[in-house]
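Next come the chains, spelled out residue by residue.
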Amino acid sequence: MAVLSSENRSGVLILWIDNPPVNALSQAVRSALLNAISKECDEGNNTAIIIACRGRTFIAGADIREFGKPPAEPYLPDVIAAIESASKPVIAAIHGHALGGGLEVALGCHYRIAAAGSQLGLPETNLGIVPGAGGTQRLPRLIGAVDAAEMICGGKPVSAEKALELGLVDKLTDDDVVSTAISYSLNVTKETLGYRRLSERKVSVDDILFSNFDKIEKKIQKQAKGATAPLEAFSLIRKTIDMPFTEGKNLERETFLKLAGTTEAKALRHIFFAERGVGRAPSNSNPRKLNKIGVVGAGTMGVGIAMTFADAGYPVSLTDISEEALGRGKFRLRSLYESQVKRGRISERDRESRTQLIQFSVGYDVLADADLIIEAAFEATDVKCSVFKKLDGVAKRGAVLATNTSYLDINVIAEATSRPQDVLGLHYFSPANVMKLVEVVRGQATSPDTLSTALTAAKVTGKIAVIAGVCHGFIGNRMLRAYVRESGLMMLEGALPSEVDRALTDFGMSMGPFSVADLAGLDIGYKARQEMQAGSFEPMATAVHDRLVEKGHLGQKSGAGFYRYNDKTRANSPHPIVEDLIAMVRKEAGVKTRLISSEEIVSRTMLALINEGCWILEEKISERMSDIDVVYVHGYGFPRWRGGPMCYGESIGWAKVLKQIQKHVNGPYGRWWNPSQYIKKLANDH
Ligand code: T1G
């Protein structure tokens, strides 16, 4: 199928790019575009050229699948140079997304028309690179250094409306964007092309002088959270802002090629495709219709889950055992939506309509017509089994019955019903209406249609769904246990909680393990451990955690845990009793302390994650390594620019990883370090 076709309409040549799914600038597209532009300029008699795209979007960028392969001519900067130097006006007719190389093509055009609702951006820094086809040079010449730096270094697209305000597009239309571009072309002539060629412009001096680059740099540094590409983009813009175009473009290309091969860029490409590879329904499955949702439990998770569906326009029946419990749920719902209105996230009308969609009631009768019922009751197997037994008696045939448990055995819960084939886990992460990740946990009896229905529910509510099998903690929480174990043991061996947290936030984790424990509530882990079989976890690793809970220090919720929290500012400071408790546990355990470096903290926690991840793959709890990375990046604050724990393991090298793990096998807690056959095979094959 041709990736480009041309059409003559009213004396204008329309070049239609047609390269599904997102009109990425593959080599074939670049070559066809270059030939068509050159041919029209050499021998065509049209008055103008329009570049437009078939399908749902304008060009969404270079073809990321070509990255990592030797670059193939024609190179995109040369294609764009040919567009810009064309002897007749070239107009970009934008709909959907104009991103990366797509926006750079549009910047090479002399005019840009955007359909209302379209998005324009240079998201390259999200892939660990910088724009590589003139974006860092043309954009500042069109909209000024400050707005350009914001767009390029932030990596976020702007709406067509904002683009018009910035001067990035010349016209916005609610009509057909190509027809609008044709009419627009009637008012432009080739005489004015000079100024329309951005490479012939300079960035205004005022703009450079008053750009307050230092302030922008600080903001970008904070947003980057350890990633290097945003800062590289900023330094490139700053360096080239008053350079001649060609010099600046060469430096841009040099920077682009340097970054394209970095571990960070490889990791960001990995997670980009990993996010798109998760949650694929089984091929032989048919999702059931989803019209009405039921939620059991009006606590924090239940209200968050109800909001998730109401935000997507689904009616929800939210039930609990008493009016008092419902009252607390209603209060929570109201305050959450009110704070979203206050922050400008949603309108007053949205708040009203979404609140209307959630009906509160006592008992289960209202759930009789629900297509999907999600249980978010107390985290205890006996409680959940009793809820599912009741649901089994109320729910209609074919309703999907999901539990929001974060680690319990779904097979046991399913067996409490007469329909285990309709039961699975939907493990949302708190706050459920905000966090994108949901683990879809298939029980041994879960049918393909039930699984497919749950995956559809996740998709239509904008979640990233990762399929998991049943084990204690599924994917994320099972790996978290290994990570917490090593953090806790290193605390006993000599590292302070704040040193462990700092080493890991410097590595890129959004929060350290002890801060996370305080945030989640130390009593959560305490209760979970009481339900776990002896020998299934390392008690020494959480001995201090347990002492804190027994003294009533539950973390943020009680004002103190590993840290003390200022109840006004929520700022934290070391909790004075923690060091005494650590010393006491060390003494009881006869532990001889030693200096523990941040390198050891990162190594042991990461190896623990990777080793557990390989066991999860060996036991087929997860289908693929990249799924585990998606769970950890989206559910546990793992730095995106490292691609996830398994991607990080790959970057170290599997043979080296296995060797380091084997060293721990011979250590004092070696029983937790047995390597799987899976990792041995990886080390052997790589
Ligand atoms: N290259 C190759 N495939 C791409 C792609 C791309 N740029 N963008 C998307 N896909 C695939 C994706 O893998 C999925 O495939 C399908 O398209 C639908 O994507 C020179 C060097 C455009 C907002 O970073 O942000 O230009 O799973 O599920 O939710 O300076 O895709 O179906 O097989 O995401 O509707 C810069 C990345 C590249 C844009 C659409 N551009 N894409 O979202 O669909 S670097 C980007 C997106 C660059 C220049 C530099 C989104 C989207 P499959 P999807 P969506």
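Owing to the predicted nature of the structure, the values given are computational and were not obtained by experimental measurement. (Residues numbered from 1 in each chain as written. Predicted model: local features only at pLDDT ≥ 70, side-chain atom pairs only at ≥ 80, totals over all residues. Heavy atoms only, no water.)

Visitor: How do you make sense of the sheet that holds strand β15 (residues 423-428) when you look at a structure like this?
Guide: Strand pairing in a sheet relies on backbone hydrogen bonds, with the paired strands running either antiparallel or parallel. Spatial ordering of the open sheet is given by β12-β11-β10-β13-β14-β15-β16-β17, a layout of eight strands whose pairing is mixed. Two strands bound the open sheet, and with one partner strand each, they are β12 (358-362) and β17 (464-468). Within the sheet, the average angular offset between the axes of one strand and its neighbour, ignoring direction, is 25°. (Pairing = 2+ DSSP bridges. Helix = DSSP H or I, 4+ residues; strand = E, 2+ residues; numbered from the N terminus. Axes fitted to C-alpha atoms, helices over the stretch in contact; angles between N-to-C directions.)

Visitor: When you look at the site of the ligand in this model, what are you seeing that I'm missing?
Guide: With respect to spatial proximity, 28 residues lie near the ligand, and among them Arg-56, Ala-62, Glu-104, Glu-124 and Arg-276 are the closest. Here Gly-132 contributes a backbone N or O atom positioned 2.9 Å from an oxygen atom of the ligand. Relative to its unbound accessible area of 990 Å², the ligand is 76% covered by the protein chains. For the shell around the ligand, the secondary-structure elements that each account for two or more residues are β5 (97-99), α3 (101-108) and α13 (263-277). The element contributing the most residues to the shell around the ligand is α13, with three residues. (Near = heavy atom within 4 Å. Polar contact = N/O pair within 3.5 Å; in protein donor to acceptor, adjacent residues only side chain to side chain. Areas by Shrake-Rupley, 256 points an atom, 1.4 Å probe, with all protein chains shown as cover.)

Visitor: Would you explain the sheet that holds strand β1 (residues 4-9) in this entry?
Guide: Strands sit in the order β1-β2-β3-β4-β6-β9 across an open sheet of six strands; the sheet is mixed. Because the sheet does not close on itself, it has two edges, and the strands there are β1 and β9 (171-173). Each neighbouring strand pair of the sheet contributes to a mean axis angle of 20°, computed without reference to strand direction. As defined by bridge partners, strand β2 (residues 12-17) adjoins strand β3 (residues 48-53) across six bridges and the pair is classed as parallel. The residue bridging Ile-14 from the neighbouring strand is Ile-50, located in β3. Strand contacts of helix α1 (residues 27-43): β1, β2 and β3, with the helix running at about 175° to β2, the strand carrying the most contacts. (Contact = heavy atoms within 4.5 Å.)

Visitor: What is the right way to read the nonpolar core from this model?
Guide: Most often, soluble globular proteins have nonpolar side chains that are buried together. Ile-475, Val-544, Phe-562, Met-606, Phe-638 and Trp-654 are the most contacted members of the largest nonpolar core, which has 74 residues in total. Among the elements that make up this core, the one with the highest residue count is helix α26 (residues 598-618) (ten residues). Two domains each put at least three residues into this core: domain 2 (293-468) and domain 3 (476-620 + 653-685). Among residues more than four places away in sequence, those in contact with Ile-475 are Glu-439, Val-466, Ile-467, Ala-468, Ile-616, Ile-621, Ser-622, Ile-628 and Val-631. Grouped together as the second largest cluster of nonpolar side chains are 67 residues, Ile-51, Ile-59, Ile-216 and Ala-233 included. (Core = buried A, V, L, I, M, F, W, Y, C linked by side-chain atoms within 4.5 Å. Buried < 20%, exposed > 50% of the residue type's maximum accessible area, 1.4 Å probe, protein only. Domains from an automatic or database assignment.)

Visitor: Hey, could you run me through the packing of aromatic side chains in this one?
Guide: Aromatic ring pairs are defined here through the distance separating the ring centres and the angle between the ring planes. Taken as a whole, this structure holds eight aromatic pairs when the rule is applied. Seen in terms of ring centroids, Phe-272 and Phe-273 are 5.0 Å apart; in terms of plane orientation they differ by 85°. Their pairing is edge-to-face. Relative accessible area serves as the criterion here: at 28%, Phe-273 is assigned to the partly exposed category. Ring pairing ties together the aromatic residues Phe-429, Tyr-632 and Tyr-636, which thus form one cluster. The ring of Tyr-195 has Arg-201 sitting right over it, with the charged end atom 3.8 Å from the ring centre. Directly above the aromatic system of Phe-507 lies the positively charged group of Arg-642, at a separation of 3.9 Å from the ring centroid. (Phe/Tyr/Trp six-rings, centres within 6.5 Å; stacked < 30°, edge-to-face > 60°. Lys NZ or Arg CZ within 6 Å of the ring centre and 35° of its normal.)

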